[in-house]
Amino acid sequence: MKIRFGIGALALLVLGVVGDSGWWKTMSLYQIYPRSFKDSDGDGIGDIKGIISKLQHLVDSKIDAFWLSPIYPSPMVDFGYDVSDFKAIDPIFGTMEDFELLLEESHKLGLKLIMDLVPNHSSDQHEWFRKSAKKIEPYTDYYIWHEGKVVDGVRRPPNNWVSVFRGSAWTWNEERQAYYFHQFAAGQPDLNFRNEYVIEEMKNVMRFWLDKGVDGFRIDAVPHLMEAEHLRDEPVTGTDPESFDYTDHIYTKSLPETYDRVAEWRAVLDEYGSNQEDGQDERMMMIEAYDTIPLTMKYYEYGAHFPFNFGLIGDVAASPKAEDFMHIVGNWTNALPDNATSNWTPGNHDKPRLATRYGRDFSKAVTTMVQLLPGVAVTYYGDEIGMKDTWLSWEETQDPQGCNAGREHYEGASRDPARTPFQWDDTTAAGFSSNPKTWLRVNDNYKEVNLEAEKVAEWSHYKLFLRLGELRKLPAVSNGTLETFLLRDLQNDQAEETIFGFSRNLENESSVYVLLNFDYREATVDLSDFPEAAYVRQLLSTDKNVPPREISYRPIVLRSCASHTFPLYCFSLFSLATNALQAPYNTLIRFGPTYSLSLSVCL
C-alpha cells in the first residue's frame, strides 16, 4: 500500500500504553483575552457578561478549561498586567457579582476557570506602592528602592539593568527621593519577594480567589520574580543600551530563589486539596517562563503542574523543516521529569498569531500536532477559526511595548495585532460589539473569516478544530504513549527526511499515526509493512468534511500547505484497523526504502 501526500499531516489509527488521568492533565485549554472576546454593553471593550454569553462556544468547541487574562482593577498601562487591586474586578469588565456568575455558569457547563495571577509587580497606583513611597510600615520595603549613584554631579540609576519594555529598569520617585525597580513598564513596579510580608500578601491573594472557587492560576512572568540583592551591573552583550538584549540577565532573571516561591504557592494550592478520587476538584497552576528547557523543567520539580511549552512559538524557523518539529517535540518530552504532563502552546497574547506565523493553511497542520500530541492542548482565542494579526498604524497602537519602540520600530514590537476583537460573524464589529468603534480595530477580513461563516462552510478551520476535539477523546490520544520519527519520500532516493511523524499508542486500543510532510512537493510513503491491516478508514480530511469511510488501500493525495500554486489541502486522518486485537509485539515498519522504525503494534 502506498500513500502519496503533499506538505501537511496524515494521521492513522493502530495500538500501545496507559497514562495518568486527571481533569487538567489532558485538558483542552482556551485563553480568553477579555478586552477582545465579547462586548455586552456597547462600549467597544469586552467584558465578563460578554464572556458569559459565549460560554456555549467553548462547550461546542470541546474546551475543558479557560484562562482569563487579568480582569483586576488597573490603570491599563499594560492592559491589566498592571494591577491596582488584586482582590477586585475592574469596572471596565463588570462587577464581582458578574465574576461570581461567570464562575457559577462555567461550572454548570463543566468548564474550569483559571485566573491570571501577576505576582511579579503591581501598578504604581496600588495602595501598597503609594504607602511604600511614603515609607509607611510595613510597606516601606514592599518594592525595590535605591537612591542611585551620583556621576559627575548627576544622580543616575544604581546599575545598567534594562526593562523588558526598553530603557532603564529604574524610575525616579520624587516623593521618596529614590529610584524604584521595574522589569516592565514604569507603571509596573516590581514587588520585593525577599520581603516576608509580600510573600504572605500574594498567598492571601491566591486564597481569596480559591475561596471563591476558581480552579487554578496561570502565573505571569515568573522568571522575573527575584533580583540579586547586590545590584551589580549585568554583563553587556549588546550594542543598544535601551534594548532588553543589551545585557545578560544573570542578576534579574531565573534566580534560584524563584523556584522557592513556586513551591510556596503549590503549598497554598494543596490547602485546597482534592476531595474526589478522580481529582475533579483539584486546583492547579501553570507557569509562564520564557527560558531554557533545563530551567523551565525545574518548575515541575518545585510543584508547578506545568510550565508552558513555548517551543512552537519561539523555536521554529521561518521555513520549518521536519527535523525542526522532531527536535521541538523531542527536546521537550525527553527532558520531562517522570510522570510530568506535557503541554503544547502555539499562541498567546504576547506573540503574533498562529495563522500569521505559519500561514492560515499550514497552521492547520500545527493545530493537528497540538491537539494530538500528549498532554494539554492550548488554544488562543480566535486561533480555532484561523484569525490572523490585524495591521494597526502607529496612531492606533496602544501596547506599551510597541509605543516604547517608537514609530520606526513599533510594528516589530507591538502585541496589539494579535489582540484584536474575536470575529463572531459578519455584522457590525464582527459581532464583537454593537459599537463600530472598538478598543482595537477589527481585522478587515472579518467578512470572510468569522465563526458563523466557518460553521456553515463545507470545510473550515473551525470544523477541523471541532473534529480534532473529538479525536482528542480517543483512548490512544488521551492516554497513550508517544513515538516520533522522520521519513523521506519513497520516490526520491536522494531526498532528505522531509516527513515528521508521531504515533500515539495504547494497549488494546487503535493507535493514531500522524505524518507531516514539510517538503514543497508531494511525497510517497510506503505503508505496506504496516501489520496486515484489514482496512484503512478515512476519518478526516482538510479539503472537505468527510464522514468515516473504508477506502481499502486507495492512494491518497494531499496538496501542499506551503505551496501557493496548489489547492491547500493540509492532511487527512485515517484509521488502520485489524481483524482482531491480540497482544502487542515489536515489528519493523518501513516508510520508504531506507528508513525504518521499530514500534509496538497489534496484529
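These figures come from a predicted structure and were not determined experimentally.

Undergrad: Explanation requested: the packing of aromatic side chains in the structure shown.
TA: Given two aromatic rings, their pairing is described by the distance between the two centres and the angle made by the two planes. Here the structure, examined in full by the defined rule, presents 35 aromatic pairs. Where Trp 145 meets Tyr 180, the ring centres are 5.9 Å apart and the plane angle is 70 degrees; that geometry is what we call edge-to-face. Residue Trp 145 is found in strand β6 (residues 145–146), and its partner Tyr 180 is found in strand β10 (residues 178–181); the two are separated by 35 residues along the sequence. Judged by relative accessible area, which is 5%, Tyr 180 ranks as buried. Here the aromatic rings of Tyr 290 and Phe 310 are separated by 4.0 Å at their centres, their planes lie at 10 degrees, and the arrangement is stacked. Of this pair, Tyr 290 sits in the loop between β12 (284–287) and α7 (293–301) while Phe 310 sits in the loop between β13 (306–307) and α8 (311–314), placing them 20 residues apart in sequence.

Undergrad: Explanation requested: the nonpolar core in the structure shown.
TA: Considering soluble globular proteins, one finds that nonpolar side chains tend to be buried as a cluster. With 88 residues, the main nonpolar core has Phe 66, Phe 99, Trp 209 and Phe 217 as its most contacted residues. Broken down by element, this core gets its largest block of residues, seven residues, from helix α5 (residues 196–212). Residues from two domains meet in this core; each of domain 1 (28–119 + 196–226 + 245–462) and domain 2 (120–190 + 227–244) gives at least three. Once residues within four sequence positions are removed from consideration, Phe 217 is found in contact with Ile 114, Met 115, Leu 117, Met 206, Trp 209, Leu 210, Leu 269, Met 284, Met 285 and Met 286. Counting 49 residues, the second-largest nonpolar core is a separate cluster that includes Met 284, Phe 306, Phe 325 and Ala 377.

Undergrad: What is the right way to read the packing of helix α11 (residues 362–372) against helix α15 (residues 461–471) from this model?
TA: Helix-helix packing: each pair is described by the crossing angle between the helix axes and the interaxial distance. Where α11 meets α15, the axes come as close as 10 Å, and the angle between the chain directions of the two elements is 20 degrees. It follows that α11 is roughly parallel to α15 by the angle criterion. As for how α11 packs across α15, the hand of that crossing is right-handed. Only His 461, Leu 464, Phe 465, Leu 468 and Leu 471 of α15 make contact with α11, whose side of the interface consists of Ser 363, Lys 364, Thr 367, Thr 368, Gln 371 and Leu 372.

Thresholds, definitions, all that
Residues numbered from 1 in each chain as written. Predicted model: local features only at pLDDT ≥ 70, side-chain atom pairs only at ≥ 80, totals over all residues. Heavy atoms only, no water. Phe/Tyr/Trp six-rings, centres within 6.5 Å; stacked < 30°, edge-to-face > 60°. Helix = DSSP H or I, 4+ residues; strand = E, 2+ residues; numbered from the N terminus. Buried < 20%, exposed > 50% of the residue type's maximum accessible area, 1.4 Å probe, protein only. Core = buried A, V, L, I, M, F, W, Y, C linked by side-chain atoms within 4.5 Å. Domains from an automatic or database assignment. Contact = heavy atoms within 4.5 Å. Axes fitted to C-alpha atoms, helices over the stretch in contact; angles between N-to-C directions. Parallel < 35°, antiparallel > 145°, perpendicular 65-115°, else oblique. Left-handed = near helix turned anticlockwise from the far one by under 90°.

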